[in-house]
Amino acid sequence: SQQGEEDPQALSIQEGENATMNCSYKTSINNLQWYRQNSGRGLVHLILIRSNEREKHSGRLRVTLDTSKKSSSLLITASRAADTASYFCATDTNYGGSQGNLIFGKGTKLSVKP
Amino acid sequence: AAGVIQSPRHLIKEKRETATLKCYPIPRHDTVYWYQQGPGQDPQFLISFYEKMQSDKGSIPDRFSAQQFSDYHSELNMSSLELGDSALYFCASSLGGQGARVNYGYTFGSGTRLTVV
C-alpha cells in the first residue's frame, strides 16, 4: 500500500502567492524528506525533517511534521515561475525491516503562472 | 562538490535486449539505492547495497540484477527488456548506518532515461 499520499495532486497559483502541499503517511518514520522534480529530470533534495522535529525552514521553504497525525506540509512562500515542478514527499522508515529505502508519495504538480 | 554520477544519461534498447546502468556514489558514501520512475509515476524502490552487500530489496523484477563493486560504484543489469521497463532509473547514495542516513539523507543522481522500443 502507498506510504505517502499527497494532496493536492495539482496546484496552480499566480506568482507571488504561497503554495501549500500536504503529505500523509502510514507507518512510523525516521525522517521525512521533500524533493522537487522538473519534468523528466532528476530529483532535487529540498529539505529533511527528522521525526523529533516539528518545523524546519530553508529559504522560502517551510516544512512542518505532525507525527501524531502522520502528516507533513511544505509551504513555498512568494512563489516564482521557476518553482513550477512536481514536489514529492518521501519517508525513511524501518517499518517491515526496511533498511532505509525511501517511500515516495504520488507528488503534487505545482504550476506557478507569471 | 561531487555528486552522484549516473551513466548513460539516455539509453534506447529494443525488446528482449539487455541494458546495464551505472552509478558512481558520492565519495565516502558506502550505500547505494536504485529507484525506477515510470511516466507520471512516483519513484519506486528497487534495491540497495551497503558495503558491497545487498541490504534491501523492493519491487525489482527477477530479470534485473545489481551489484556494488569494491570502489562502491553500482551497476543495474536488466535483461529481456520489455516495453514496460521504459522509465527513469535513479541511483541515490548515502553514508551507511542509520544515524548518518536519518540525519543527512540521500543524494540522487540525475537518472538514466531508458526507452525500450
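Preceding this paragraph is the structure being described.
Figured I'd write up the structure that's included with this text.

Conventions adopted
Residues numbered from 1 in each chain as written. Chains lettered and ligands numbered in written order. Predicted model: local features only at pLDDT ≥ 70, side-chain atom pairs only at ≥ 80, totals over all residues. Heavy atoms only, no water. Helix = DSSP H or I, 4+ residues; strand = E, 2+ residues; numbered from the N terminus. Rg over C-alpha atoms; globule rule 2.2 N^0.38 Å. Buried < 20%, exposed > 50% of the residue type's maximum accessible area, 1.4 Å probe, protein only. Contact = heavy atoms within 4.5 Å. Areas by Shrake-Rupley, 256 points an atom, 1.4 Å probe, with all protein chains shown as cover. Lys, Arg positive; Asp, Glu negative; His and termini not counted. Charge placed at Lys NZ, Arg CZ, Asp CG, Glu CD. Disulfide = S-S within 2.5 Å. Pairing = 2+ DSSP bridges. Axes fitted to C-alpha atoms, helices over the stretch in contact; angles between N-to-C directions. Buried area = accessible area lost by both parts, 1.4 Å probe. Salt bridge = Lys/Arg side-chain N within 4 Å of Asp/Glu carboxyl O. Polar contact = N/O pair within 3.5 Å; in protein donor to acceptor, adjacent residues only side chain to side chain. Nonpolar A, V, L, I, M, F, W, Y, C, P; charged D, E, K, R; others polar. Core = buried A, V, L, I, M, F, W, Y, C linked by side-chain atoms within 4.5 Å.

1. Side note on the overall build of chain A
Along chain A, the regular secondary structure elements total zero helices and eleven strands. Secondary structure of chain A in N-to-C order comes out as β-β-β-β-β-β-β-β-β-β-β. For 114 residues, the compact-globule estimate of 2.2 N^0.38 gives 13 Å, and the C-alpha radius of gyration of chain A, at 14 Å, lies within 12% of that figure. A principal-axis box enclosing the C-alpha atoms of chain A has dimensions of 45 × 30 × 20 Å. The 114 residues of chain A split such that 48% are buried. If you take every contact in chain A between residues at least 6 apart in sequence, the share linking residues at least 24 apart comes to 56%. Working note: accessible area of chain A is about 5,300 Å², and carbon and sulfur atoms make up 46% of it. Averaging the coordinates of the 14 positive side-chain charges in chain A and doing the same for the 10 negative ones gives two points 3 Å apart.

2. Re the state of the cysteines
Per the counting criterion, the structure on display carries two disulfides over all chains. A sulfur-sulfur distance of 2.0 Å marks the disulfide that ties Cys23 of chain A to Cys89 of chain A. On the sign convention where negative is left-handed, the bridge of Cys23 of chain A and Cys89 of chain A, at about 65 degrees about the S-S bond, is right-handed. Taken together, the residues Cys23 of chain A in strand β3 (residues 19–24) and Cys89 of chain A in strand β9 (residues 85–92) connect sequence positions 66 residues apart. Each of the two residues, Cys23 of chain A as well as Cys89 of chain A, counts as buried. Note that Cys23 of chain B is cross-linked by a disulfide to Cys91 of chain B, the S-S spacing being 1.7 Å. Its S-S torsion of about -55 degrees marks the bond between Cys23 of chain B and Cys91 of chain B as left-handed, since a negative value means left-handed. Placement of the pair is Cys23 of chain B in strand β3 (residues 19–24) and Cys91 of chain B in strand β9 (residues 87–94), with a sequence separation of 68 residues.

3. Observations concerning the sheet that holds strand β1 (residues 5–7) of chain B
Residue and element names in this part refer to chain B. Across the sheet, four strands lie side by side as β1-β3-β8-β7; this open sheet has antiparallel pairing. The open sheet has two edge strands, β1 and β7 (64–68), and neither has a second partner. The average undirected angle you get between the axes of adjacent strands in this sheet is 15 degrees. Where β7 meets strand β8 (residues 74–78), five bridges bridge the pair, whose relative direction is antiparallel. Following the sheet pairing, Gln67 is matched in β8 by Glu75.

4. Topic: the interface of chain A and chain B
If you look at the interface, chain A gives 25 residues, while chain B gives 23 residues. Across the chain A to chain B interface the summed buried area is about 1,800 Å²; carbon plus sulfur atoms make up 48%. Counting across the chain A and chain B interface gives one salt bridge. Among the salt bridges present, the one from Asp42 of chain B reaches Lys106 of chain A, with a minimum N-O distance of 3.1 Å. One can count five residue pairs in polar contact (both at pLDDT 80 or more) joining chain A with chain B. Elements with a minimum of two residues in the side of chain A that touches chain B: β4 (31–37), β5 (43–50), β9 and β10 (102–104) of chain A. Class assignment of the residues belonging to the side of chain A that touches chain B gives a composition of six nonpolar, 15 polar and four charged.

5. Some details on the side chain of Asn31 of chain A
Residue and element names in this part refer to chain A. Relative to the elements of secondary structure, Asn31 occurs in strand β4. A residue is classified by how much of its surface remains accessible, and Asn31, at 0% relative accessible area, is buried. Within polar-contact distance, the side chain of Asn31 engages the side chain of Gln33 at 3.0 Å.

6. A few points about the nonpolar core
Of all hydrophobic cores here, the largest spans 22 residues; its most connected members are Trp34, Leu76, Met78, Tyr89 and Leu114 of chain B. In this view, Tyr89 of chain B contacts Gln6, Leu21, Tyr35, Gln36, Leu46, Phe64, Leu76, Met78, Gly111, Thr112 and Leu114 of chain B; residues no more than four positions away in its chain are not counted. Among the nonpolar cores identified, the runner-up in size contains 20 residues, and Tyr25, Leu61, Leu65 and Ile76 of chain A belong to it.

7. A word on the pattern of salt bridges
Residue and element names in this part refer to chain A. Applying the stated criterion across every chain, the model contains nine salt bridges over all chains. The salt bridge partner of Glu53 is Arg50, with a shortest N-O separation of 3.4 Å. By relative accessible area, Glu53 is classed as buried at 18%. Taking the shortest distance from any N to any O, the salt bridge between Glu55 and Arg62 comes out at 3.1 Å. The partly exposed category is assigned to Arg62, whose relative accessible area is 31%.

8. Regarding the environment of Met21 of chain A
All names here are of chain A. Its place among the elements puts Met21 in strand β3. With 14 residues separating them along the chain, Met21 and Asp7 place their C-alpha atoms 6.1 Å apart. Beyond its immediate sequence surroundings of up to four residues, Met21 is in contact with Asp7, Trp34, Ser72, Ser73, Leu74, Ile76, Tyr87, Thr108 and Leu110.

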